[in-house]
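# Structure at a glance
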Amino acid sequence: MFSIGDFMIYSAHGICKVDDICEKTVSGITKTYYVLHPIDSIGHLTISSPVDNDKVAMLELMSKEEANELLESFQYPGVKWIENPNIRYRQYNDIVNTGNRKEIAKVVKTLMQKKLDAELHGKKLYESDRKLLEHIQHVLFKELAISLDTTVEKVHDMVIQLVKQSAKKRVPL
């Protein structure tokens, strides 16, 4: 269970801070709720979620050791590239929705590599790939930055370097 003041990953909203834990009665049923706010929200978005909500992912932020391990993983291959953009988006999004950061990092790695490859040839990433990459980079890199006590920009630069280094090691087909 989280405590007031803790940070967590809350499904699609990314990193949230627990502002309060309280009892609420909805439809005659009293439950304990987290009162959260996304740290990147503009305005005053507040989320109330039952503590025992099993329909959303509520994860602890990774430790410094886990963050360093995750950073190192960008040296290794990502997920398999799927040629069909609709199937690719669906499968990559399913991976993201699991909350498994190691697998999410593989998706980021693959999409970043494809983006770099496209840019080398004067092309762009598919719009759906670009949006997915931006979203998961934003959440994952923010969490890494918090866990490593650094900035999102520094995390982004480190990951770019690792992706580029791993690309140099790839054997052309």
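Residues numbered from 1 in each chain as written. Predicted model: local features only at pLDDT ≥ 70, side-chain atom pairs only at ≥ 80, totals over all residues. Heavy atoms only, no water.

## Remarks on the overall build of the chain
On a plain count of helices and strands, the chain comes out with five helices and five strands. Listing each helix as α and each strand as β along the chain from the N terminus yields β-β-β-β-β-α-α-α-α-α. Counting only C-alpha atoms and orienting by the principal axes, one finds that the chain spans roughly 60 × 35 × 25 Å. Counting the 173 residues in the chain, one finds 36% classified as buried. In the chain, the share of contacts with a sequence separation of at least 24, taken over all contacts with a separation of at least 6, comes to 54%. Just so you have it, the chain exposes about 10700 Å², and 53% of that area is on carbon and sulfur atoms. Computing the positive centroid from 24 side-chain charges and the negative centroid from 24, the chain places the two 9 Å apart. (Helix = DSSP H or I, 4+ residues; strand = E, 2+ residues; numbered from the N terminus. Buried < 20%, exposed > 50% of the residue type's maximum accessible area, 1.4 Å probe, protein only. Contact = heavy atoms within 4.5 Å. Areas by Shrake-Rupley, 256 points an atom, 1.4 Å probe, with all protein chains shown as cover. Lys, Arg positive; Asp, Glu negative; His and termini not counted. Charge placed at Lys NZ, Arg CZ, Asp CG, Glu CD.)

## Some details on the pairing of strand S1 (residues 7–10)
Pairing of S1 with strand S2 (residues 14–26) involves four bridges; the strand directions are antiparallel. Bridge pairing in S2 links Phe 7 to Lys 17. Direction of pairing for S1 relative to strand S5 (residues 58–60): antiparallel, over a ladder of three bridges. Across the sheet, residue Met 8 finds its bridge partner in S5, namely Glu 60. (Pairing = 2+ DSSP bridges.)

## Quick word on the sheet that holds S2
The strand order across the open sheet formed by five strands is S4-S3-S2-S1-S5, and the pairing between neighbours is antiparallel. Of all the strands in the sheet, just strand S4 (47–50) and S5 have a single pairing partner and so form its edges. Direction aside, neighbouring strands of the sheet carry axes that sit 45° apart on average. Sheet analysis places strand S3 (residues 29–38) next to S4, joined by four bridges and oriented antiparallel. The residue of S4 that forms the bridge with Val 35 is Ser 48. Lying on the sheet, helix H4 (residues 127–148) is in contact with S1, S2 and S5; it crosses S2 at an angle near 100°. (Axes fitted to C-alpha atoms, helices over the stretch in contact; angles between N-to-C directions.)

## Observations regarding the nonpolar core
One finds Phe 74, Val 108, Leu 140, Phe 141 and Leu 144 to be the most contacted residues of the largest nonpolar core, which totals 31 residues. If you list the elements that add at least two residues to this core, you get helix H1 (64–72), helix H2 (85–98), helix H3 (101–120), H4 and helix H5 (152–169). In contact with Leu 144, other than residues within four places in its own chain, are Met 62, Ala 67, Leu 70, Leu 71 and Val 155. Grouped together as the second largest cluster of nonpolar side chains are nine residues, Met 8, Val 18, Tyr 34 and Ile 47 included. (Core = buried A, V, L, I, M, F, W, Y, C linked by side-chain atoms within 4.5 Å.)

## Some details on H1
Here H1 has its buried residues at Ala 67, Leu 70 and Leu 71. The arc enclosing the buried residues of H1, seen along the axis, measures out at 100°, which places them on a common side. (Arc of directions from axis to C-beta.)

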